[in-house]
Amino acid sequence: MRYRAYSRSNFRSIPQLARLTEEQKNDIEIVSQVLPFKVNNFVIENLINWDDVPDDPIFSLTFPRREMLLPHHYDEISRLVRQGADRKQIRQAANRIRMELNPNPDGQMEYNVPELDGQPIPGMQHKYEQTVLFFPSRGQTCHAYCTFCFRWPQFAGMRELRFTSHRVEALVEYLTRHPEVNDVLITGGDPLVMSAGKIGAVIEPLINADLPGLRRIRIGTKSLTYWPYRFLSDDDSSELLELFGRVVRSGLHLAVMAHFNHPNELSSPVVRKAIARIRQTKATVRTQAPLVRHINDSPAVWRRMWNEQVNLGCIPYYMFVARDTGAHHYFSVPLARAWKIFREAYSNVSGLGRTVRGPSMSADPGKVHIVGVTEVKGEKVFVLRLLQGRNPEWVDRPFFAEYDEWATWFSELRPAFGRERFFFEDELEREYPHRAGMPTFVDLAKE
Ligand SMILES: *Cc1c(COP(=O)(O)O)cnc(C)c1O
Ligand code: SF4
């Protein structure tokens, strides 16, 4: 199958869009000036049920719509387009709006950048003791874009994070000096947009360096649903799977961290075949996704998804809370409701599906798990714990926040029982001061 991508410049040629009104098509054009938009022939022909558009979940996952911008932002871009403003003017307005959409939630780019001899190594993050994230330059795009994507500024015309091959050497050098790191997570974007050769150029040095701590390699990807031919019939699909096999034979655990948002993605026979091909290499497939309104905010959807994943030999891993960035106003689900959805789905799957954890928020102190809502001495509270923490000592200690029916992110929560701060906050401020002067996400993107 030949890959055909559609974006703002050519989406009107998608035959199925004949079903949309002219107004809906204009909205796609306007919203995609600000938020990233890319879709391809596989998604259009196999994952979207066009009889259900615009409510179809995969359509909402990939096609922008008017409500994804705040009304005043929509109006501003719409006015410029109507007035025939030039591209530069529209881009300037779009960039300003992007800066208002919290493009760098929780300082994910500047607070976790590791250093070698006092020099930051951009394109890597090291937040939790055991795991380093690596963002290869060529993997900072995807086969299609999710409308809720929290990495969206990387795609939205602000220039990519750049790496050259010496960055892989920096990764190897860093791992040599940090034997406490057991896992490398190669992520993006989607690193599997890269050729097998380019992925090999990242992975082979890790295998060959005989690193003291490295035991596991993970690859974060959405290719299983956005382009499953990556594992079946692309020119280098065999080469890619051979690389997977080589990682496993070298004695490392290889985990494909697959991103699935909806069970409809798993019903495609092509996707199922791709999962089977990966499993033949003895890599494991673990699954994760954010909970997002208009796409998967129902217990039945998650239950079906986890059941189907287990049937296909995948291991459900995380349900995330959508980050407070981009079109968050459109996609966010209140934490209280997120927990209800999780609980109702989780309590109705077999134990084999209960490997999943969530809902989890990747916040500054760590991954904050909403364990549940309860009452303590007449006060309604959220019970929380950290699944990962900047300090491993913080992990798995229950703590409490005042119940708030409408809170959608950790930053909106206050400690319960009249306390001033959560138990980790003093240490967080002392030991992990937000490093002024470090490059910001947007600076890095311009580098
Ligand atoms: C989620 C995450 C990891 C991986 O955590 P696991 O619980 O081991 O899956 C690593 N680094 C960062 C920054 C993360 O957000
Ligand atoms: S696959 Fe991941 S990185 Fe790519 S657009 Fe979707 S959420 Fe963003």
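Just so it is clear, the model here is predicted, and its values are computed rather than measured. Residue numbers restart at each chain and count upward from 1, following the sequence in its written direction. Here every chain gets a letter starting at A, and every ligand a number starting at 1, in the order they are written. Thresholds applied to this predicted model are a pLDDT of at least 70 for local features of residues and 80 or more for the giving and counting of side-chain atom pairs; totals over whole chains, interfaces and linings are not thresholded and use all residues. Hydrogens are left out, water is left out, and the side-chain values use all remaining heavy atoms of the structure.

A. The arrangement of the overall build of the chain in detail. From N to C terminus, the chain includes 15 helices and 15 strands. All radius of gyration figures rest on C-alpha atoms, and the globule criterion is 2.2 Å times the number of residues raised to 0.38. Taken over C-alpha atoms, the radius of gyration comes to 22 Å for the chain, in line with the 22 Å a tight globule of 447 residues would show. Taking the principal axes of its C-alpha atoms as reference, the chain extends roughly 55 × 55 × 50 Å. Using a 1.4 Å probe on the protein chains alone, a residue whose accessible area is under 20% of its type maximum counts as buried, one over 50% counts as exposed, and one in between counts as partly exposed. Put simply, the chain has 447 residues, and 58% of those count as buried. Of the contacts formed within the chain by residues at least 6 apart in sequence, a portion of 72% connects residues at least 24 apart. Summed over its atoms, the accessible surface of the chain is roughly 19,400 Å², and 46% of this surface lies on carbon and sulfur atoms. By the counting rule applied here, Lys and Arg register as positive and Asp and Glu as negative, while His and the ends of each chain are not counted. All charge positions are set by atom: Lys at NZ, Arg at CZ, Asp at CG, Glu at CD. Averaging the locations of the 58 positively and 54 negatively charged side chains of the chain gives two centres separated by 4 Å. Helix numbering and strand numbering both begin at the N terminus, where a helix is a DSSP run of H or I of at least 4 residues and a strand a DSSP run of E of at least 2. A contact between two residues is defined here by any heavy atoms of the two lying within 4.5 Å. Every accessible area reported is derived by Shrake-Rupley at a probe size of 1.4 Å, with residue values counting cover from the shown protein chains alone.

B. Main features of the nonpolar core. Phe63 and Phe244 are the most contacted members of the largest nonpolar core, which totals 110 residues. Among the domains, domain 1 (5–99) and domain 2 (108–353) are the pair contributing at least three residues each to this core. Setting aside its immediate chain neighbours within four residues, Phe244 contacts Leu192, Ile219, Phe231, Leu254, Val256, Ile278 and Thr281. Remark: nonpolar core denotes a set of buried residues (Ala, Val, Leu, Ile, Met, Phe, Trp, Tyr, Cys) joined through side-chain atoms within 4.5 Å. A domain assignment, automatic or from a database, supplies the domain bounds used here.

C. Structural view of the site of ligand 2. Consider each residue's heavy atoms; a residue with any of them within 4 Å of a molecule or strand counts as near. Neighbouring ligand 2 are 8 residues; Cys142, Tyr145, Cys146, Cys149 and Lys222 lie closest to it. Classifying every residue of the shell around ligand 2 gives 5 nonpolar, 2 polar and 1 charged. Here the nonpolar group is Ala, Val, Leu, Ile, Met, Phe, Trp, Tyr, Cys and Pro; Asp, Glu, Lys and Arg are the charged ones; every other residue, Gly included, is treated as polar.

D. Representation of the domain arrangement of the chain within the structure. Here the chain is partitioned into domain 1 (5–99), domain 2 (108–353) and domain 3 (363–447). Placing a centre on the C-alpha atoms of domain 1 and another on those of domain 2 gives a separation of 26 Å. Summing both partners gives a buried area of about 2,400 Å² for domain 1 against domain 2, and 68% of it is carried by carbon and sulfur. We count a salt bridge whenever a side-chain nitrogen from Lys or Arg sits within 4 Å of a carboxyl oxygen from Asp or Glu. Counting across the interface, domain 1 meets domain 2 through 0 salt bridges. Here a polar contact means two N or O atoms within 3.5 Å. Within protein one must be a hydrogen donor candidate and the other an acceptor candidate, and residues neighboring in sequence count only if both atoms are side-chain atoms. Remark: the boundary between domain 1 and domain 2 carries 10 residue pairs in polar contact (both at pLDDT 80 or more). Looking at the side of domain 1 that touches domain 2, the elements that each hand over two or more residues are strand 2 (39–40), helix 2 (41–47), helix 3 (57–62) and helix 5 (87–99). Here the residues of the side of domain 1 that touches domain 2 are counted per class, giving 17 nonpolar, 6 polar and 5 charged. Buried area is understood as the total, over both parts, of accessible area removed when two parts are fitted together, assessed with a 1.4 Å probe.

E. Looking closely at the pairing of strand 7 (residues 183–186). Of the two faces of strand 7, the one lined by Asp183 and Leu185 and the one lined by Val184 and Ile186 are each fully buried. If DSSP finds at least two bridges between two strands, the strands pair. Of the strand pairs in this sheet, strand 6 (residues 131–134) and strand 7 are connected by 4 bridges, and their pairing is parallel. In the strand pairing of strand 7, Leu133 is matched with Leu185. Across 4 bridges, the pairing between strand 7 and strand 8 (residues 216–221) is parallel. Of the residues in strand 8, the one forming a bridge with Asp183 is Arg216.

F. The environment of Asn264, seen in detail. Within the secondary structure, Asn264 sits in the loop between strand 9 (253–259) and helix 10 (269–280). Expressed as a C-alpha distance, the spacing of Asn264 and His328, which sit 64 residues apart in the sequence, is 23 Å. In contact with Asn264, other than residues within four places in its own chain, are Leu47, Asp56, Pro57, Ile58 and Arg304. Only 3.4 Å separates the side chain of Asn264 from the side chain of Arg304, close enough to count as a polar contact.

G. Representation of the packing of aromatic side chains within the structure. Note on aromatic pairs: the rings of Phe, Tyr and Trp (six-membered ring only in Trp) are paired at centre separations within 6.5 Å, and the planes decide the class, stacked below 30 degrees, edge-to-face beyond 60, tilted for the rest. All chains considered together, the criterion is met by 26 aromatic pairs. Ring centres of Phe59 and Phe63 lie 4.6 Å apart, and the angle between their planes is 15 degrees; on these two criteria the pair is classed as stacked. The same class applies to Phe59 as to Phe63, namely buried. Put simply, the rings of Trp394, Phe399, Phe410, Phe422, Phe423, Phe424 and Tyr432 pair up and form one aromatic cluster. Think of it as a cone above the ring: NZ of Lys or CZ of Arg counts as a charge over the ring if it is within 6 Å of the ring centre and within 35 degrees of the ring normal. Between Arg354 and the ring centre of Tyr346, over which it is positioned, the NZ or CZ distance is 5.3 Å. Sitting above the plane of the Tyr403 ring, Lys380 keeps its charged end 4.1 Å from the centroid.

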